[in-house]
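Per-entry structural report
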Amino acid sequence: MESDARVCPFCGAPPGVGIFCSACGRNLAAVERLPTRAEWETTRPAEAAPAPAPADPRQLADRCAQALAGFLTAMHAAGDPGATKMPMTGAPGFKRPRNARGWVVRPVHREEDDEDPRRYEPGLVVTTEGAVHRLDSEVRGWGQRDFPTFRDTIAPDPIDLPAEERLIGELAAVLRDNGAGS
Ligand SMILES: [Zn+2]
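A few points on the structure. Per chain, residue numbering runs from 1 following the sequence as it is written. Only residues with pLDDT of at least 70 get local features here, since the model is predicted, and only at 80 or more are side-chain atom pairs given and counted; chain-wide, interface and lining totals rely on the full set of residues. Hydrogens are left out, water is left out, and the side-chain values use all remaining heavy atoms of the structure.

Glancing now at the coordination of the zinc ion. Cys-8 (SG), Cys-11 (SG), Cys-21 (SG) and Cys-24 (SG) make up the full set of protein donors to the zinc ion, lying at 2.3 to 2.4 Å. A 2.8 Å cut-off from the metal defines N, O and S donors, relaxed to 3.2 Å for Na, K and Ca; water is not in the atom list, so some sites may appear incomplete. Square planar and octahedral sites, with four and six donors, are those where opposite donors lie more than 155 degrees apart and all other angles lie between 65 and 115, tetrahedral sites have four donors with every angle between 85 and 135 degrees, and the rest are irregular. Around the zinc ion, the four donor atoms sit at angles spanning 107 to 115°, and that spread fits a shape best called tetrahedral. Site description for the zinc ion: donor spacing in sequence, C-x2-C-x9-C-x2-C. Within this pair, whereas Cys-8 is found in the segment before helix H1 (37-43), its partner Cys-24 is found in the segment before H1, the two being separated by 16 residues in sequence. Partly exposed residues are those whose accessible area sits between 20% and 50% of the maximum for their type, while under 20% is buried and over 50% is exposed, using a 1.4 Å probe and protein chains only. Given a relative accessible area of 2%, Cys-24 falls into the buried group. Only DSSP runs of H or I with at least four residues qualify as helices, and only runs of E with at least two residues qualify as strands; both kinds are numbered from the N terminus onward.

Given below as structure tokens:
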């Protein structure tokens, strides 16, 4: 690495463009000026732990939880920009809220040429209350000319935050797209 490259003050790696370091996931919003790699090497405490290995699932879960906490803090501070009301999955009549407010952090994904419109990779939603839900996609319009049409709905039961490297970048991207990132 170039010694004058700007690095994350916590881990010494290039932090990427988001509010969270892309290498270690820490929130960099409060960092006024990133140190150069040379500065970082001279100032870091001798006992500093090496950058966390992304392969450790426990550390990754911690970093994802940190990223989510930072995401919610930044969004709330900015007045929850971009949060939209989305319908819940399920037949009417359930004694449950019919919708929730939040952000699509990961859209539903369908293969372009998949012959079965019911097959998809669920997305991910974070509500303004900080709950994480799967994003389902209902197929509609059976027997109609415009078939198939899709309607994204939020699975009613919250899930545990997935410990996935890509989630950290996805949260940062939603912050940025809504003007709540740095
Ligand atoms: Zn870092």
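This is not the end of the story, as more comes after the structure.
This brings us to the nonpolar core. Residues grouped as a nonpolar core are buried Ala, Val, Leu, Ile, Met, Phe, Trp, Tyr and Cys residues, joined through side-chain atoms within 4.5 Å. Within the largest apolar cluster, 23 residues are counted, with the highest numbers of intra-cluster contacts made by Leu-68, Phe-71, Met-75, Trp-103, Val-126, Leu-171 and Leu-175. Among the secondary structure elements, those contributing two or more residues to this core are helix H2 (57-77), strand E2 (99-106), strand E3 (123-127) and helix H3 (165-177). Between two residues, a contact is recorded if the distance between any of their heavy atoms is within 4.5 Å. In this view, Met-75 contacts Asp-80, Pro-81, Trp-103, Val-174, Leu-175, Asn-178 and Ala-180; residues no more than four positions away in its chain are not counted.

Turning our eyes to something else, we now look at the packing of aromatic side chains. Geometry of aromatic contacts follows a simple scheme: Phe, Tyr and Trp rings, the Trp one being its six-membered ring, pair when their centres are within 6.5 Å, and the pair is stacked under 30 degrees between planes, edge-to-face over 60, tilted otherwise. Counted according to the given criterion, the structure contains two aromatic pairs. Where Phe-71 meets Trp-103, the ring centres are 5.3 Å apart and the plane angle is 85°; that geometry is what we call edge-to-face. Here Trp-103 lies in strand E2 and Phe-71 lies in helix H2, a separation of 32 residues in the sequence. When sorted by exposure, Phe-71 lands in the same class as Trp-103, which is buried. With 4.6 Å between their ring centres and 35° between their planes, Trp-142 and Phe-147 make a pair best called tilted.

What the five strands build is an open sheet, ordered E1-E2-E3-E4-E5; its pairing is antiparallel. Sheet topology places strand E1 (84-87) and strand E5 (149-154) at the edges, where each strand pairs with a single neighbour. Neighbouring strand axes in the sheet, compared pairwise and without regard to direction, differ in orientation by 50° on average. In this sheet, E3 lies alongside E2 in antiparallel orientation, the contact comprising four bridges. For Gly-102, the partnering residue across the bridge sits in E3 and is Thr-127. Paired strands, as defined in this entry, are two strands with at least two bridges between them according to DSSP. Helix axes are fitted only over the stretch in contact, all axes being lines through C-alpha atoms; the angle between N-to-C directions runs from 0 to 180 degrees.

Tracing the backbone through its elements, the reader meets Glu-170 in helix H3. Residue classification places Glu-170 among the buried positions, given a relative accessible area of 15%. Not counting chain neighbours up to four residues away, the residues in contact with Glu-170 comprise Val-105 and Arg-106.

Of all five residues that make up E3, five are buried, and the element is covered over most of its length. Across the two faces of E3 the burial is the same, with Gly-123, Val-125 and Thr-127 and Leu-124 and Val-126 all buried. Note that E3 and strand E4 (residues 132-140) share four bridges and pair antiparallel. Its bridge partner lying in E4, Gly-123 is registered against Leu-135. If you look at the hairpin formed by E3 and E4, you'll find four residues sitting between the two strands, and Gly-130 has a positive phi there, around 95°.

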